[in-house]
Amino acid sequence: MVDGKNNRSLTRKNGHSAETTPLHKPTEIVDMLEHGIEPLNNTASVPPFTETKSGAIVGLAILDNEVFIVAKDKSNVEVFDIQSANYKRQWKVNGLVDPNDMVACPKTELICICDWKNCAEEQEIFILDKTGMLHNRWRCEGERGRISITKERSLLITDGKKSEVYEYKFDGQLLSATLLKVRDLMICHAIKLEGGNFVACFEDKIAKYHEITMFDSNGGILNSVKNDPAYTSPRSFSTPKSLAVDSRGNIYVSSAGYDEPPIGSKITAFSPQLEWKENIPNTSTGDNLSGPLRICLCESERSGLQLLVADNKNEDEKLVECKIRIF
């Protein structure tokens, strides 16, 4: 069970870096040079919990007890230690224009970034290792996509315009395309479960209608949870943005709550059958989130289950503050 009471915040610190990386960690300099990545001379200490007032965290990933963060319209990836929350290094991804999601595959130790580019270009996937070394990059199907990692070590990409999900190998080979049979809603994110079923979250900003739906491998609806438009129930949710699944099959949904903050700003945990389990944090205590756009799970024998939340504060339709909270 995730403990919503004991939590801490990891705040993103904007910094300046050259195209070749890291700012810190002298013990890794030899390895960086072997990979053709030249370390920067700037080794000044960066406070781990310094507040920042600009940008939005749109990508969040974990590898080997390190937290990787990418911000909207930024080409730099920042790295923190998950235990101490200390800032460690950053590196620049050449060609990255408008990142909108980032995930990591623990089995391959690779990081994947989805770049929306601009209106005139197709979206692009970047595949890197944890040192910032580029392994591959390729154009992909769909528009305004979000990404997730499957148990089969493949990449699942959503198409925000067609409610379709594409599964790719890390080398860019398209494995499958599945049309999710749902009415005219914008898909925000999707994950693939063990057994081949999908779970996706959808929204209709104009109608303020949102739902979380489970599909079979052919895109047929198996189960669905819809929001309470009046937000009168603690089980209500608003503007679902991100999904995650733990080793027991429990499903976590970030509810940004932009329709009716702060009631809807939370993480909701569901059973593998999409039955409501709990809200994180417990909204009855007043410990509300501002606007969780991305979530990521970390499971280990030492720390148990940790939930990382990219919490972005929205004011006048601008994301003015962003930080990572750990539950």
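The structure reproduced in this document is the subject of the present report. (Residues numbered from 1 in each chain as written. Predicted model: local features only at pLDDT ≥ 70, side-chain atom pairs only at ≥ 80, totals over all residues. Heavy atoms only, no water.)

## Focus on the sheet that holds strand S3 (residues 66-71)
Phase 1: If you trace the four strands from one edge of the open sheet to the other, you get S2-S3-S4-S5, paired in antiparallel fashion. On the outer flanks of this sheet lie strand S2 (57-63) and strand S5 (87-92), each paired with one strand and no other. Adjacent strand axes in the sheet meet at a mean angle of 20 degrees, parallel and antiparallel pairs treated alike.
Phase 2: The pairing of S2 with S3 spans six bridges and is classified as antiparallel. Paired with Leu63 across the two strands is Glu66, which belongs to S3. (Pairing = 2+ DSSP bridges. Helix = DSSP H or I, 4+ residues; strand = E, 2+ residues; numbered from the N terminus. Axes fitted to C-alpha atoms, helices over the stretch in contact; angles between N-to-C directions.)

## So, the packing of aromatic side chains
Phase 1: Taken as a whole and assessed by the stated rule, the structure comprises four aromatic pairs.
Phase 2: Note on Phe80 and Tyr87: the rings are 5.6 Å apart at their centroids and 75 degrees apart in plane angle, and the pair reads as edge-to-face. Each member of the pair Phe80 and Tyr87 is classed as buried. (Phe/Tyr/Trp six-rings, centres within 6.5 Å; stacked < 30°, edge-to-face > 60°. Buried < 20%, exposed > 50% of the residue type's maximum accessible area, 1.4 Å probe, protein only.)

## Describing the pairing of S2
Regular strands show a simple pattern: their side chains alternate between the two faces of the sheet.
Phase 1: Among the seven residues of S2, seven are classified as buried, and the element is accordingly described as predominantly covered.
Phase 2: The hairpin turn running from S2 into S3, its antiparallel successor, is two residues long, and Asp64 in that turn takes a positive phi close to 50 degrees.

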